[in-house]
Amino acid sequence: MEIILDKAKDYILALKEAGNFTSEDMANISGIPIQTIRNICSGKHEAKFATVAKLVISLGGDLNELIGYDKKKEIEVNSTVSLKETYEMRIADIIKSYELRIEDMKTFCEMRVADTQKYCEARIADAKRSFEERLADQKEMLLSSNLQSKY
């Protein structure tokens, strides 16, 4: 596992450069804290494989490529698998990969919607509080002006 994690930094940096991503972009896309990403990219932090996998997949990378897995070699070794079966397996792998990416994007979007909703609710509460304070001030001014006109 150490070999994979050692290669992770270089692979992630290559994905970062290829996608022209900033660390902030990577954090937003993956949901991984920006400081963790910075630590991984600088080599200050040996991340868990799950974190590396999430980041690689989020950035459009390939875990097989990261770990050095060569599907062609597997196909050559297992010559009893027909070409049709090989393509069917590969298509199934691609579909699964895209399904996982779609799920990751759904999760990311749901998080953004929740954050936006919280932000809007906070702004509405602030506006309501401000309105209530102004209304109280106006009532107080009106009451004090009514009292002064009586005397």
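None of these values were measured; they are calculated from a predicted model. (Residues numbered from 1 in each chain as written. Predicted model: local features only at pLDDT ≥ 70, side-chain atom pairs only at ≥ 80, totals over all residues. Heavy atoms only, no water.)

A.B. asks: Can you walk me through the packing of aromatic side chains in this structure?
C.D. replies: Remark: the centre distance and the inter-plane angle together describe each pair of aromatic rings, the angle taken between the planes. Counting across every chain of the model gives zero aromatic pairs. Across the ring face of Tyr98, the terminal group of Arg101 is positioned such that the distance to the ring centre comes to 5.3 Å. In this arrangement the basic side chain of Arg123 is found over the ring face of Tyr119, its NZ or CZ atom lying 4.8 Å from the centre. (Phe/Tyr/Trp six-rings, centres within 6.5 Å; stacked < 30°, edge-to-face > 60°. Lys NZ or Arg CZ within 6 Å of the ring centre and 35° of its normal.)

A.B. asks: Help me understand the nonpolar core in this model?
C.D. replies: What tends to happen in soluble globular proteins is that the nonpolar side chains get buried as a cluster. Ranked by size, the top nonpolar core spans 16 residues in total, and within it Ile12, Met26, Ile37, Val52, Leu55, Val56 and Leu66 carry the most contacts. Every element with two or more residues in this core is listed here: helix H1 (2–19), helix H2 (23–30), helix H3 (34–42) and helix H4 (49–58). Here this core gets four residues from one element, more than from any other, and that element is H1. (Core = buried A, V, L, I, M, F, W, Y, C linked by side-chain atoms within 4.5 Å. Buried < 20%, exposed > 50% of the residue type's maximum accessible area, 1.4 Å probe, protein only. Helix = DSSP H or I, 4+ residues; strand = E, 2+ residues; numbered from the N terminus.)

A.B. asks: Would you take a moment to explain a negative patch on the surface for this structure?
C.D. replies: Side chains of Glu132, Glu133, Asp137 and Glu140 sit close together on the surface and give a patch of like negative charge. Inspection of the secondary structure assignment puts Asp137 in helix H7 (residues 83–150). (Patch = residues over 30% accessible without salt bridge, like charges linked within 9 Å, V, L, I, M, F, W, Y side chains within 5 Å. Areas by Shrake-Rupley, 256 points an atom, 1.4 Å probe, with all protein chains shown as cover. Salt bridge = Lys/Arg side-chain N within 4 Å of Asp/Glu carboxyl O. Lys, Arg positive; Asp, Glu negative; His and termini not counted. Charge placed at Lys NZ, Arg CZ, Asp CG, Glu CD.)

A.B. asks: Is there a simple way to think about H3 in this case?
C.D. replies: Side chains that are three or four residues apart share a direction in an α-helix, a result of its 3.6 residues per turn. What H3 keeps buried is the set Ile37, Ile40 and Cys41. Around the axis of H3, the buried residues are gathered within 95 degrees of arc, so they sit on the same side. (Arc of directions from axis to C-beta.)

A.B. asks: Please clarify how the pattern of salt bridges should be interpreted in this entry.
C.D. replies: Close approach of charged atoms allows side chains of opposite charge to pair. For the coordinates displayed, the defined rule picks out four salt bridges. A salt bridge links Glu24 to Arg38; its shortest N-O distance comes to 2.9 Å. Within this pair, whereas Glu24 is found in helix H2, its partner Arg38 is found in helix H3, the two being separated by 14 residues in sequence. Using a relative accessible area of 38% as the deciding quantity, one classes Glu24 as partly exposed. We note a salt bridge from Asp126 to Arg123, for which the minimum N-O separation is 2.8 Å.

Note that every value here comes from positions in space, so none of it alone points to a role or purpose.
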